[in-house]
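# Coordinate analysis (summary)
These are the residues of each chain, in order.
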Amino acid sequence: MLLGLAGWVIVALALAQIKADPAVVPLLVGGVLVLVTGILTLVFGLRCPKCGGNLGHVLAWPPCPFRISARIQRCSFCGADFDSVA
Ligand SMILES: [Zn+2]
């Protein structure tokens, strides 16, 4: 999630400066790539270690964007306890 937020910040900063300095276009492209990588990681890269269920939707909108809620303790697909799954 932080990767996506970082990409969003880079894109916003580059868009704010693009009229004043067209040389920020590579920064804009890099920010879009970071943003897309963060979104794809969130959507496809977060899997339950036991059943392989996609956990991206569970973690997509936590109460705090900088940490995973302590209330999320089990896989929503198989019920595996995240503290005991190795
Ligand atoms: Zn699971």
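Residues numbered from 1 in each chain as written. Predicted model: local features only at pLDDT ≥ 70, side-chain atom pairs only at ≥ 80, totals over all residues.

## Quick notes on the overall build of the chain
Cut-off, in case you're wondering: Labels follow the DSSP assignment, with helices taken as runs of H or I lasting at least four residues and strands as runs of E lasting at least two, numbered in each case from the N terminus. Exposed residues have 12 or fewer other C-beta atoms within 10 Å of their own C-beta, buried residues have 20 or more, and partly exposed residues fall in between, where C-beta atoms are placed from the backbone. Any pair of residues counts as being in contact when their C-beta atoms, constructed from backbone geometry, are within 7 Å of one another.
Of regular secondary structure, the chain possesses three helices and zero strands. Shown N-terminal to C-terminal, the secondary structure of the chain runs as helices and strands in the order α-α-α. Out of the 86 residues in the chain, the part that is buried amounts to 6%. Sequence-distant contacts, at least 24 apart, represent 47% of the contacts inside the chain between residues at least 6 apart.

## Side note on the environment of leucine 46
Residue placement: leucine 46 occurs in the loop between α2 (25-44) and α3 (56-59). Take leucine 46: there are 16 C-beta atoms within 10 Å of it, and that puts it in the partly exposed class. Counting along the chain gives 11 residues from leucine 46 to histidine 57, while the straight-line C-alpha distance between them is 9.1 Å.

## Here we look at the environment of cysteine 78
Along the chain, the position of cysteine 78 falls in the segment after α3. Residue classification places cysteine 78 among the exposed positions, given that 12 C-beta atoms sit within 10 Å. With 27 residues separating them along the chain, cysteine 78 and cysteine 51 place their C-alpha atoms 6.6 Å apart.

## Here we look at the confidence of the model for the chain
Rules: Residue-level confidence of the predictor is what pLDDT reports, using numbers from 0 through 100.
Of the residues in the chain, 88% reach a pLDDT of 70 or more, and the chain-wide mean stands at 82. Looking at the elements of the chain, mean pLDDT is at its lowest for α3, recorded as 76, and at its highest for α2, recorded as 88.

## Section: the packing of helix α1 (residues 2-17) against α2
When two helices pack together, you describe them by how their axes are tilted relative to each other and by the distance separating the axes. Test applied: Axis definition: a line fit to C-alpha positions, over the contact stretch in the case of helices; interaxial angles, taken between N-to-C directions, run 0 to 180 degrees. With respect to orientation, any angle under 35 degrees is reported as roughly parallel, any angle over 145 as roughly antiparallel, any angle of 65 to 115 as roughly perpendicular, and every other angle as oblique. Here is the rule for handedness: rotate from the far helix to the near one, and if that takes an anticlockwise turn smaller than a right angle the crossing is left-handed, while a clockwise turn gives right-handed. Three classes are used, and their members are as follows: Ala, Val, Leu, Ile, Met, Phe, Trp, Tyr, Cys and Pro are nonpolar, Asp, Glu, Lys and Arg are charged, and the others, Gly among them, are polar.
Relative to each other, α1 and α2 sit at 155 degrees, their axes nearing to 7 Å. As the angle between them shows, α1 and α2 are arranged roughly antiparallel. In the crossing of α1 with α2, the sense of the turn from one axis to the other is left-handed. Taking contact as the criterion, the partners of Leu3, Gly4, Ala6, Gly7, Trp8, Ile10, Val11, Ala14 and Leu15 in α1 are, on α2, Leu27, Leu28, Gly30, Gly31, Val32, Val34, Leu35, Thr37, Gly38, Ile39, Thr41 and Leu42. Grouping the constituent residues of the contact of α1 with α2 by class yields 14 nonpolar, seven polar and no charged.

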